[in-house]
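Chain by chain, the residues:
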Amino acid sequence: MMCSLKQSQLLGCGSNVVSHRRNPLVQLSVSPSISMPKLPNFAVSSLSKPLHISSIETLGSSQLQPKRKSLLTCNAYEADQSEEGGVVEKAEAARKVKIGFYFATWWFLNVIFNIYNKKVLNAFPFPWLTSTLSLAAGSLIMLISWATKVAEAPKTDLDFWKSLFPVALAHTIGHVAATVSMSKVAVSFTHIIKSGEPAFSVLVSRFILGETFPMPVYLSLIPIIGGCGLAALTELNFNMTGFMGAMISNLAFVFRNIFSKRGMKGKSVSGMNYYACLSLLSLLILTPFAIAVEGPQMWAVGWQNAITEIGPHFIWWVAAQSIFYHLYNQVSYMSLDEISPLTFSIGNTMKRISVIVSSIIIFRTPVQPVNALGAAIAVFGTFLYSQAKQ
């Protein structure tokens, strides 16, 4: 039997359209007569993501191949970006864990340093030598790390050290002044006064550098100055040398930050190596002044008295305060590579709180309610400053 077939097919898959037209009057000799089924028309659509065809089965007669459900099987799926998103989420989660570890380590090391530093100063009241030993321990640790390839040594030149010198000078003054303060007053009082550093930063930037700040920044200084003043007036064991040491430390660290921002632009040195170089140069600056102010004879007498009074544990105290001083500063500089200045300021405020509270508990420092209120106001003002600065 003769049959004629006219058929036009239009296949659409994704955004690509395939058009296929058979020639008319195609002669097929089939017995018995077989009618070809019509293919379904697929709507032409546009997809925002690519459409992938996984398999196409051959065309055939539904009667000759009854087990086949369709002449054309077009299995499609959209390009999935979930794997890429999962990688990004994991990387961000790992970064948050890393920052959290830095903060926890930074606060812990700082608390331990302040405890041992105060113990050493109570038994051995020589803050210039104590400050020198802290810088010497950190310098020795980093020199050994570079020599043994544990840490990669920085690539520096003469210009780098010239730019670092004013930073190291300010760092040395601030470090010694803070140590002198803690040798005269309670650790908590020193850190309450040091929480007023933002006020010095704004005043120096405004009247010396000519920078201006939005009004919320100036307003945040009110609780800082008021809280520090209230704490100082109600301090039971107030000492002017200790108070002035904390104030000088604030001013010195403000200039250290200013010199660091201006002089170190374009210098590709990691946070860890930057602080190591800062310690080395500060050690060179401080050593001759420590010898001139206190001297080996005074150190020998004071050391003998401390060993007699405390015993061999005193040597461990000195080693601990020196090592922990370097470690907590190193971690803080390393965290700067990972976080914004705002996050660092908030972390520094929380560190100050942890030191004040822990020192009061450990050394059983007598605190009046008004004194505690002044400390809380000053610390809260520091937090407001970090928010308003942004």
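Scroll up to find the structure this text is about.
Residues numbered from 1 in each chain as written. Predicted model: local features only at pLDDT ≥ 70, side-chain atom pairs only at ≥ 80, totals over all residues. Heavy atoms only, no water.

Novice: Help me get a handle on the overall build of the protein, residues and values and all.
Specialist: On a plain count of helices and strands, the protein comes out with twelve helices and six strands. Counting over 390 residues, the protein shows a buried share of 42%. Here the analysis covers contacts within the protein between residues at least 6 apart in sequence; of these, 82% occur between residues at least 24 apart. Surface summary for the protein: the accessible area is close to 22000 Å², and the carbon and sulfur share equals 64%. (Helix = DSSP H or I, 4+ residues; strand = E, 2+ residues; numbered from the N terminus. Buried < 20%, exposed > 50% of the residue type's maximum accessible area, 1.4 Å probe, protein only. Contact = heavy atoms within 4.5 Å. Areas by Shrake-Rupley, 256 points an atom, 1.4 Å probe, with all protein chains shown as cover.)

Novice: Residue-level account of helix α4 (residues 187–194), with values.
Specialist: Counting buried positions over the eight residues of α4 gives eight, a clear majority of the element. For α4, the full list of buried residues reads Val-187, Ser-188, Phe-189, Thr-190, His-191, Ile-192, Ile-193 and Lys-194.

Novice: If you had to explain the packing of aromatic side chains to someone new, which residues and values would you point to?
Specialist: Scanning all chains against the criterion turns up 17 aromatic pairs. Judged by centre distance (5.4 Å) and plane angle (85 degrees), the ring pair of Phe-160 and Trp-161 falls under edge-to-face. The buried category is assigned to Phe-160, whose relative accessible area is 2%. The ring of Phe-207 has Arg-206 lying over it, and the distance from NZ or CZ to the ring centre is 6.0 Å. (Phe/Tyr/Trp six-rings, centres within 6.5 Å; stacked < 30°, edge-to-face > 60°. Lys NZ or Arg CZ within 6 Å of the ring centre and 35° of its normal.)

Novice: Hey, could you go over the environment of Pro-296 for me, with residue numbers and the actual values?
Specialist: Relative to the helices and strands, Pro-296 is located in helix α9 (residues 296–310). Looking at Pro-296, the relative accessible area reads 51%, which means it is exposed. Linking Pro-296 and Leu-129, residues 167 residues apart in sequence, is a C-alpha distance of 9.3 Å.

Novice: Give me the packing of helix α6 (residues 215–233) against helix α12 (residues 369–388): which residues, what numbers.
Specialist: Taken N-terminus to C-terminus, the directions of α6 and α12 make an angle of 160 degrees; their axes are 7 Å apart at the nearest point. The angle between α6 and α12 places the two elements in the roughly antiparallel class. For the crossing formed where α6 meets α12, the hand is left-handed. Where α6 approaches α12, its residues Pro-216, Val-217, Ser-220, Leu-221, Pro-223, Ile-224, Gly-227, Cys-228, Leu-230 and Ala-231 are matched on the opposing element by Val-370, Asn-371, Leu-373, Gly-374, Ala-375, Ile-377, Ala-378, Gly-381, Thr-382, Leu-384, Tyr-385 and Ala-388. Along the lines of polarity and charge, the residues of the contact of α6 with α12 split into 16 nonpolar, six polar and no charged. (Axes fitted to C-alpha atoms, helices over the stretch in contact; angles between N-to-C directions. Parallel < 35°, antiparallel > 145°, perpendicular 65-115°, else oblique. Left-handed = near helix turned anticlockwise from the far one by under 90°. Nonpolar A, V, L, I, M, F, W, Y, C, P; charged D, E, K, R; others polar.)

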